[in-house]
Every structure is written in C-alpha cells, then in structure tokens.
Amino acid sequence: GQNIDQPTEMTATEGAIVQINCTYQTSGFNGLFWYQQHAGEAPTFLSYNVLDGLEEKGRFSSFLSRSKGYSYLLLKELQMKDSASYLCAVRTAGNKLTFGGGTRVLVKP
Amino acid sequence: KAGVTQTPRYLIKTRGQQVTLSCSPISGHRSVSWYQQTPGQGLQFLFEYFSETQRNKGNFPGRFSGRQFSNSRSEMNVSTLELGDSALYLCASSLFQMNTEAFFGQGTRLTVV
C-alpha cells in the first residue's frame, strides 16, 4: 500500500523558520511534490524533487532522501500569508500523485 | 501562459443526476489527472489521461468516468450522484506523465443535495 505521513499541525511565529517533515512508503516513486493550499482554494505548486538533495526557491526549500523515504519543506522568514496547509505528494505511477493528509501551518504575529 | 482551467467553478446538483466537469490543461501539456478532495479523505486520485488514453485509475466506483480529447482537454463524468460525491474536484496538468511538474486548476466545487 501507499503511506505518506506528515504532521497534522504546526505553529510558528512571523519571521521564524518552520520545517515540515514528510515520510513515505510507496510502491513506485517518480518524484515528490510540495503544494501550498489556502482554505477554500486549489493547491499551488511549490516544489518538485526527483533526485536526492536540497532545492531552494526563495524563502522555500525542499529536501529529499530517497533511501530514507524522507522529505522536508523549509519555510524561512515566515509571513502571515504563509498560514495554509502544506501537502506532500509522491508520484507513484505515471502521473498519479498520492497525497499525505497535509500539515496546517499557523503563523502567529 | 494560461494556467489550468476548470469549468464550472461551482455546481449544485440533486441526488441521482449526473454531472460533467471540464479541464483544459496548460498549453502543450498532455497529461491530465483528476482528484477528489473532501475534508474527511483529503486528496484522492481518480484517474489519469495521457494521449487520450486512461493510464491509471484510483479506487472509485464505475459511476466516475472520464475522457481526454485530442487537444488534451479532459472531462470527467459522475453519474447517479450521491450526497457523498459533494467535494472539490481538481485536475492536474503535466507536460508528460513522469519527470515533470504537475499544476492544479482552481477546481470545481460540486454540492449534491
């Protein structure tokens, strides 16, 4: 079966750094995605990792270790608008994405 | 470059009816996947189309079906609607099936009453 785990909720202060972990056990792997989703809106693409290592995009970075079945999303210099759910998803076959339950991040002033 | 376009944005249907949702992928993208999102189940994969052929299918009943046209636009159909089909239906567009990024449309919010 497919299993993707991420924390349910995290709270952080504006200007701080938060790291959202994602562990996965899937049959098939062709990349790991991170999406941001604000309440009532569609997921917005943040990052895609298919090789091990760190990918940096502005305030957001994503890391992947395929041997450990592990990824994290790092959000730096948190802003109030970063309050959202963050979804970890693994491409398991073709273009099929299997999602974790999402991590709700609350940024406090 | 236009993003992924889904129509309609909102729909209200009654039980037993059927519904068709549309997804136009990003220009040049050939792969379209459909997902159902509910508060209880999260995002669940429905099916994937590439080059007008269904390539993968999730664990949904046969009432859920789809197709893809030669211009890569895709439709999904749900027949004999049930209250539990109320959800946000999202489609994701990719250039190819693998090794490329996937982008979501704004979704169609379906309410079954």
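In case you missed it, the structure is sitting above this.
Please read all numbers here as calculations on a predicted model, not as lab measurements.

As for the pattern of salt bridges
Residue and element names in this part refer to chain B. All chains considered together, the criterion is met by seven salt bridges over all chains. Here Asp 85 makes a salt bridge to Arg 63, at a shortest N to O gap of 2.8 Å. Here the residue Asp 85 occupies a position in the loop between strand E8 (74–78) and strand E9 (87–94), and Arg 63 occupies one in the loop between strand E6 (53–57) and strand E7 (64–68), the gap between them amounting to 22 residues. Overall, the relative accessible area of 4% leaves Asp 85 in the buried class. Arg 63 sits in the buried class, given a relative accessible area of 15%. Between Arg 67 and Glu 75 there is a salt bridge, and its shortest N-O distance comes to 3.3 Å. Taken together, the shared-partner salt bridges in this structure form one network comprising Arg 63, Glu 82 and Asp 85.

Description of the interface of chain B and chain A
Reports of interface size often rely on the accessible area that becomes lost once the parts have come together. Facing the 22 residues of chain B at the interface are 20 residues of chain A. Interface of chain B and chain A: buried area, both sides summed, is about 1,700 Å²; carbon and sulfur atoms make up 55% of it. Run the count over chain B and chain A and you get five residue pairs in polar contact (both at pLDDT 80 or more). Of all elements in the fold, only strand E4 (31–38), strand E5 (42–50), E9 and strand E10 (102–104) of chain B reach the threshold of two or more residues within the side of chain B that touches chain A. Per element, the largest residue contribution to the side of chain B that touches chain A is four residues, and it comes from E4(B). Among the residues making up the side of chain B that touches chain A, the classes are represented as nine nonpolar, ten polar and three charged.

Side note on the sheet that holds strand E6 (residues 53–57) of chain A
Residues and elements named next belong to chain A. Here we have five strands laid out as an open sheet, ordered E1-E3-E8-E7-E6, and antiparallel in their pairing. Each end of this open sheet is capped by a strand with a single partner; those strands are strand E1 (3–5) and E6. Sheet twist, expressed as the average angle between the axes of neighbouring strands with direction ignored, equals 15°. Here five bridges tie E6 to strand E7 (residues 60–65), and the two strands are oriented antiparallel to one another. If you follow Leu 54 over to E7, its bridge partner there is Phe 63.

A word on the sheet that holds strand E3 (residues 19–24) of chain B
Hydrogen bonds between backbone groups are what pair the strands of a sheet, and the pairing can be parallel or antiparallel. All names here are of chain B. An order of E1-E3-E8-E7 is seen for the four strands of this open sheet, with the pairing classed as antiparallel. Both edges of this open sheet fall to strand E1 (5–7) and E7, since each of them pairs with a single strand only. Each strand axis lies, on average, 15° off the axis of its neighbour in the sheet, ignoring direction. Examined bridge by bridge, E1 and E3 share three bridges and lie antiparallel to one another. In the strand pairing of E3, Thr 7 is matched with Ser 22.

Some remarks on the nonpolar core
The nonpolar side chains of a soluble globular protein tend to be buried with one another. Judged by nonpolar contacts, the single largest core of 21 residues is most densely connected at Trp34(B), Leu46(B), Phe64(B), Met76(B) and Tyr89(B). Looking at this core, the elements with two or more residues in it are E3, E4, E5, E8, E9 and strand E11 (108–112) of chain B. Counting residues in each nonpolar core, the second largest holds 20 residues, with Ala12(A), Tyr24(A), Leu64(A) and Leu73(A) among its members.

Considerations on the packing of aromatic side chains
Enumeration according to the criterion identifies 17 aromatic pairs over all chains in this entry. Both rings, one in Tyr35(A) and one in Phe99(A), keep their centres 6.1 Å apart while their planes meet at 40°; by these two values the pair is tilted. Pair noted here: Tyr35(A) is in strand E4 (residues 32–37) and Phe99(A) is in strand E10 (residues 96–99), with a separation of 64 residues, a long-range link. With respect to burial, Tyr35(A) and Phe99(A) carry one shared label: buried. Judged by centre distance (5.1 Å) and plane angle (20°), the rings of Phe63(A) and Tyr72(A) are stacked. You can call Phe63(A) partly exposed: its relative accessible area is 24%. Classification of Tyr72(A) by relative accessible area gives buried; the value is 16%. Following the ring pairs from residue to residue traces out a cluster consisting of Phe33(A), Tyr35(A), Phe45(A), Tyr48(A), Phe99(A), Tyr35(B), Phe45(B), Phe103(B) and Phe104(B).

Criteria and cut-off values
- Note that residues are indexed from 1 along each chain, following the sequence as it is written.
- Written order decides the labels, with chains lettered from A and ligands numbered from 1.
- Side-chain atom pairs in this predicted model are given and counted only at pLDDT of 80 or more, local residue features only at pLDDT of at least 70, and totals for whole chains, interfaces and linings cover all residues.
- As a rule here, side-chain values cover all heavy atoms of the structure and leave hydrogens and water aside.
- Here, a salt bridge means any Lys or Arg side-chain nitrogen found within 4 Å of an Asp or Glu carboxyl oxygen.
- Numbering goes from the N terminus for both helices and strands, where a helix is a DSSP run of H or I of at least four residues and a strand is a run of E of at least two.
- Here's how the labels work: a residue is buried when its accessible area is under 20% of the maximum for its type, exposed when over 50%, partly exposed in between, all with a 1.4 Å probe on protein chains only.
- Contacts were defined at the residue level, with two residues in contact if any of their heavy atoms lie within 4.5 Å.
- Simply put, the buried area is the total loss of 1.4 Å probe accessible area from both parts when two parts are fitted together.
- Polar contacts, as used here, are pairs of N or O atoms within 3.5 Å; protein pairs need one atom able to donate a hydrogen and one able to accept it. Residues neighboring in sequence count only if both atoms are side-chain atoms.
- Gly is placed with the polar residues, together with every amino acid not listed as nonpolar (Ala, Val, Leu, Ile, Met, Phe, Trp, Tyr, Cys and Pro) or charged (Asp, Glu, Lys and Arg).
- Pairing between strands requires that DSSP locate at least two bridges from one strand to the other.
- Convention adopted: a line fitted to C-alpha atoms gives each axis, helices being fitted over their contacting stretch, and angles between N-to-C directions are expressed from 0 to 180 degrees.
- By nonpolar core we mean a set of buried residues, namely Ala, Val, Leu, Ile, Met, Phe, Trp, Tyr and Cys, connected to one another through side-chain atoms within 4.5 Å.
- Pairing of aromatic rings covers Phe, Tyr and Trp, the last through its six-membered ring, and needs centres within 6.5 Å; plane angles under 30 degrees mean stacked, over 60 mean edge-to-face, and all others mean tilted.

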